[in-house]
Structure formats: C-alpha cells, structure tokens
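# Summary of structural features
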Amino acid sequence: MNPTLPCWHCAGDVAIRALFCHGCGSIQPPGEVDPFTRLGLPATFELDVAAIDRQLAGFVRILAPARFHGKGERAAQLAGEQRAAREQAAAILRDPAARARALLALADAAPTRPGNGGQWEIAIAAAPDANSRARTLKQVKDAMAAELRLLLDAFRLGDLALAATRLSRVETMAIAVEAARRLG
C-alpha cells in the first residue's frame, strides 16, 4: 500500500512520492521518503553514480524553473523544494557512507554516529610536522578505502549488523580526515 497525502490544491489523494497530483496536475511538496525512493532507484549499496546522475538530470529537467513560470508563486516554490530534495537525495546516494547509513536506516539498523575521529584523529593531531601528518592522513584514507570494501561485502552478505559496524568505522575515519583538513 502506498501512503497518500491530500493535494494542496484540490485535496485529492496523492502518493507521498508523487511530483504532481493525478487529479488536478498541480506540483506537490516533497514527501517524507528515503533518498532511493525520491530518485526512483533501488535500495541497494551497489549503485552506479552515473545512474544517480541520470535520474537527477531527468528530475531537474522536469522541475526546471522555466516550466513553472506563470503557474503561480506556490507552484514555483514547490518546484524549488522538489529540486532541492532531489539534489539532497542524490548527494546522499553518491556518498558511499551516507548511502550505507540510508540503507541501514531503512532496516532500522543504523549505528549511532561517532563523536570523534578516534585513534586516527589523535594520530593526525600528534604528528610532529606536515609531512608526518600527510603520511598519517594517507594511512587513514587507505584504511577507509579498505573499510568501504568490507562494508560492501557486508551488504552483499546481507549482514546488517556487520555493515553497521563497518559504517561506524568509516564515519570515524571520515571525522579524522576532516580534522586533518582543518589542521591544514
């Protein structure tokens, strides 16, 4: 069963993921849906970035501001909200860690977010000079790439608990990389 909401214009039933009302044709506000549903893509970790971009491009054409010129302020505003929601969904799906978090959230298996970069952040901060910091940062990025491959394996195995553990590690390393970027 697809959840519906009333159309803002005619009060007819509209599917929560619909762009337009089937009754009156009015553009609808973006519903509360996951990024996969928002872009009409399968909920899987193995997504092709080109497929994400193709889907987004199609929606961008449909929601172009010129198409809503002369259709009223509300329609133009909703088209902008729909574009922004789809761009945000695409950004989430392009990022492997964010995509994994979205998948785990769909299964109610998402881990809590790490508070800091753990041992990696400490190692980067403790590096005595820029060259040492750069070497440590490369180690972090290499470890993060390896952890992402293990995250893919966990999803392929259907082991969501393992995927959640792997995601937590990836996010901890990402925090360390961001901390290193701020250090310069």
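Bear in mind that the values here come from a model prediction, so they are computed numbers and not experimental data.

Criteria and thresholds
Residues numbered from 1 in each chain as written. Predicted model: local features only at pLDDT ≥ 70, side-chain atom pairs only at ≥ 80, totals over all residues. Heavy atoms only, no water. Helix = DSSP H or I, 4+ residues; strand = E, 2+ residues; numbered from the N terminus. Expected span 1.5 Å × (residues − 1). Buried < 20%, exposed > 50% of the residue type's maximum accessible area, 1.4 Å probe, protein only. Arc of directions from axis to C-beta. Contact = heavy atoms within 4.5 Å. Core = buried A, V, L, I, M, F, W, Y, C linked by side-chain atoms within 4.5 Å. Polar contact = N/O pair within 3.5 Å; in protein donor to acceptor, adjacent residues only side chain to side chain. Lys, Arg positive; Asp, Glu negative; His and termini not counted. Salt bridge = Lys/Arg side-chain N within 4 Å of Asp/Glu carboxyl O. Disulfide = S-S within 2.5 Å. Phe/Tyr/Trp six-rings, centres within 6.5 Å; stacked < 30°, edge-to-face > 60°. Lys NZ or Arg CZ within 6 Å of the ring centre and 35° of its normal.

## Section: helix α2 (residues 49-62)
Helical geometry: 3.6 residues make up each α-helical turn, so side chains three or four residues apart lie on a common side. An ideal rise of 1.5 Å per residue puts 20 Å on 14 residues; α2 measures up with 20 Å between its terminal C-alpha atoms. Listing the buried residues of α2 in full gives Ala-51, Ile-52, Leu-56, Gly-58 and Phe-59. Buried residues along α2 cover an arc of 155° about the axis, so they all sit on one side. Away from its buried face, by an angle of more than 90 degrees, α2 presents the exposed residues Arg-54 and Arg-61. Of the surrounding elements, those touching the buried residues of α2 are α1 (35-39), α3 (73-94) and α4 (96-106).

## Regarding the nonpolar core
Inside soluble globular proteins, nonpolar side chains tend to come together where they are buried. If you look at the biggest cluster of nonpolar residues, it comprises 38 residues, and the most contacted ones within it are Ile-27, Leu-39, Phe-45, Ile-52, Leu-93, Leu-151 and Phe-155. At the level of elements, α1, α2, α3, α4, α6 (130-157) and α7 (160-183) are the ones that each hand at least two residues to this core. Counting residues per element, this core draws most heavily on α7, at eight residues. Here Ile-27 is in contact with Trp-8, Leu-19, Phe-20, Leu-63, Phe-68, Ala-75, Leu-78, Ala-79 and Gln-82, once residues within four sequence places are set aside.

## Focus: the side chain of Arg-101
Secondary-structure assignment places Arg-101 in helix α4. Take Arg-101: its relative accessible area is 11%, and that puts it in the buried class. A distance of 2.9 Å separates the side chain of Arg-101 from the backbone oxygen of Pro-111, its partner in a polar contact. Sequence-distant contacts of Arg-101, that is, excluding residues within four places in its chain, are made with Ala-110, Pro-111, Thr-112, Arg-113, Leu-167 and Glu-171.

## Here's the deal with the environment of Asp-142
On the secondary structure map, Asp-142 appears in helix α6. With relative accessibility at 42%, the residue Asp-142 sits in the partly exposed group. When the C-alpha positions of Asp-142 and Thr-44 are compared, they lie 24 Å apart, and in sequence the two are 98 residues distant.

## A closer look at the side chain of Arg-83
Here Arg-83 lies in helix α3. As a buried residue without a salt bridge, Arg-83 has its nearest oppositely charged side chain in Glu-87, at a separation of 5.4 Å. Those residues in contact with Arg-83, other than ones at most four positions away along the chain, are Leu-63, Ala-64 and Pro-65.

## A word on the state of the cysteines
What is meant by a disulfide is a covalent connection between two cysteines, made through their sulfur atoms. Considering all chains together, one arrives at zero disulfides under this definition. Cys-24 supplies the cysteine sulfur nearest to Cys-7, a cysteine that is in no disulfide, at a spacing of 3.7 Å.

## A few points about the packing of aromatic side chains
For the structure shown, the criterion picks out two aromatic pairs. Centroid distance Phe-20 to Phe-68: 6.4 Å. Interplanar angle 10°. Geometry classified as stacked. With a gap of 48 residues between them, Phe-20 in the loop between β2 (13-15) and α1 and Phe-68 in the loop between α2 and α3 connect regions that are remote in the sequence. What makes Phe-20 partly exposed here is its relative accessible area of 29%. With 5.0 Å between their ring centres and 15° between their planes, Phe-45 and Phe-155 make a pair best called stacked. You can see Phe-45 sitting in the loop between α1 and α2 and its partner Phe-155 sitting in helix α6, a full 110 residues away along the chain. For the pair formed by Phe-45 and Phe-155, the shared burial category is buried. Directly above the ring of Trp-8 sits Arg-74, whose terminal nitrogen or CZ lies 5.1 Å from the centroid. We note Arg-86 situated over the ring of Phe-59; from NZ or CZ to the ring centre the distance is 4.5 Å.

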